[in-house]
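# Examining the three-dimensional arrangement
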Amino acid sequence: MNSVRLDKWLWAARFFKTRSQAKTAIDGGHVRLNGRRAKASREVKVGDTLDIRRGFEDFTVSVRDVAERRRSAAEAAVLYRETEASVAKRERELQMRRAASWQTSYGRPSKRDRRRMEQFREGLSRQGRRTRD
């Protein structure tokens, strides 16, 4: 077997849980084959480069082997090799998302929090009246 459909390969390599999810991602332009948009039926060969966007993650991988069947995660990892630049970029973006996490409390605001929010809103409305006059 020298080549396999793109949606089958993405499913076999465990980038997507189902072939229909892989097809949806391909049709949405989240998968590029050798730098170009591709259709789900496009054949993938050894040596091809894929750019895959899955959620917040971007992968750039080179195809090392082709498979039509989905196997274990260890066997799926042999099908491709992710570039070092891609790994570094994903790590940087993950750290940035963690650093940008602004949520400090969980659940409903307390009575104190609600009072502070109300004071803040009142201050904004007073400032708005001043600038209009």
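Scroll up for the structure.
About the criteria used
Residues numbered from 1 in each chain as written. Predicted model: local features only at pLDDT ≥ 70, side-chain atom pairs only at ≥ 80, totals over all residues. Heavy atoms only, no water. Core = buried A, V, L, I, M, F, W, Y, C linked by side-chain atoms within 4.5 Å. Buried < 20%, exposed > 50% of the residue type's maximum accessible area, 1.4 Å probe, protein only. Helix = DSSP H or I, 4+ residues; strand = E, 2+ residues; numbered from the N terminus. Contact = heavy atoms within 4.5 Å. Arc of directions from axis to C-beta. Phe/Tyr/Trp six-rings, centres within 6.5 Å; stacked < 30°, edge-to-face > 60°. Pairing = 2+ DSSP bridges. Polar contact = N/O pair within 3.5 Å; in protein donor to acceptor, adjacent residues only side chain to side chain.

This next bit is on the nonpolar core. Here is a general trend for soluble globular proteins: nonpolar side chains tend to be buried in one another's company. Core analysis: the largest hydrophobic core is formed by 24 residues, its most contacted members being Leu6, Trp9, Leu10, Phe15, Val31, Leu50 and Ile52. Of all elements in the fold, only α1 (6–12), α2 (19–27), β2 (31–33), β5 (49–54) and β6 (57–63) reach the threshold of two or more residues within this core. Element by element, the count of residues in this core is highest for α1, at four residues. Dropping the residues within four chain positions of it, Val31 is found in contact with Leu6, Leu10, Ala25, Ile26, Arg37, Ala38, Leu50, Asp51 and Ile52.

The next point concerns α2. Of all the residues in α2, the buried ones are Ala22, Ala25 and Ile26. Considered in projection along α2, the buried side chains sweep an arc of 100° and stay on one side of the axis. The inward-facing, buried residues of α2 contact α1, β2 and β3 (36–37). Two residues or fewer after α2 comes Gly29, characterised by a positive phi angle close to 85°.

A ring pair, where both rings are aromatic, is described by two values, the distance of the centres and the angle of the planes. Enumeration according to the criterion identifies four aromatic pairs in this entry. Judged by centre distance (5.4 Å) and plane angle (70°), the rings of Phe15 and Phe59 are edge-to-face. Of this pair, Phe15 sits in the loop between α1 and α2 while Phe59 sits in strand β6; the two residues are 44 residues apart in sequence, bridging distant segments of the chain. This pair shows no difference in class: Phe15 is buried, exactly as Phe59 is. Every member of this aromatic cluster is reached through a ring pair, and the members are Trp9, Phe15, Phe59 and Tyr80.

Before going further, it helps to spend a moment on the pairing of β5. Sheet analysis places β2 next to β5, joined by three bridges and oriented antiparallel. Pairing of Arg32 across the sheet is with Asp51, part of β5. When β5 meets β6, the two strands line up antiparallel, connected through six bridges. Following the sheet pairing, Asp51 is matched in β6 by Thr60. With antiparallel pairing between neighbouring strands as the criterion, β5 and β6 make up a hairpin whose turn holds two residues, including Gly55 at a positive phi of roughly 65°.

Turning to its location among the elements, Lys89 is positioned in helix α4 (residues 84–99). Its relative accessible area of 36% is what places Lys89 among the partly exposed residues. Spatially, the C-alpha atom of Lys89 lies 9.0 Å from that of Phe59, the residues being 30 residues apart in sequence.

What follows deals with the side chain of Asp48. Residue position: Asp48 is located in the loop between β4 (43–45) and β5. Side chain to side chain, Asp48 and Asn34 meet in a polar contact 3.3 Å long. Those residues in contact with Asp48 that sit more than four places away from it in its chain are Leu33, Asn34, Glu43, Val61, Ser62 and Val63.

Tracing the backbone shows Asp65 in the loop between β6 and α3 (73–77). Once the C-alpha coordinates of Asp65 and Ala40 are considered, the two residues, 25 residues apart in sequence, prove to be 18 Å apart. The contacts of Asp65, once residues within four sequence positions are left out, are Trp9, Val46 and Leu79.

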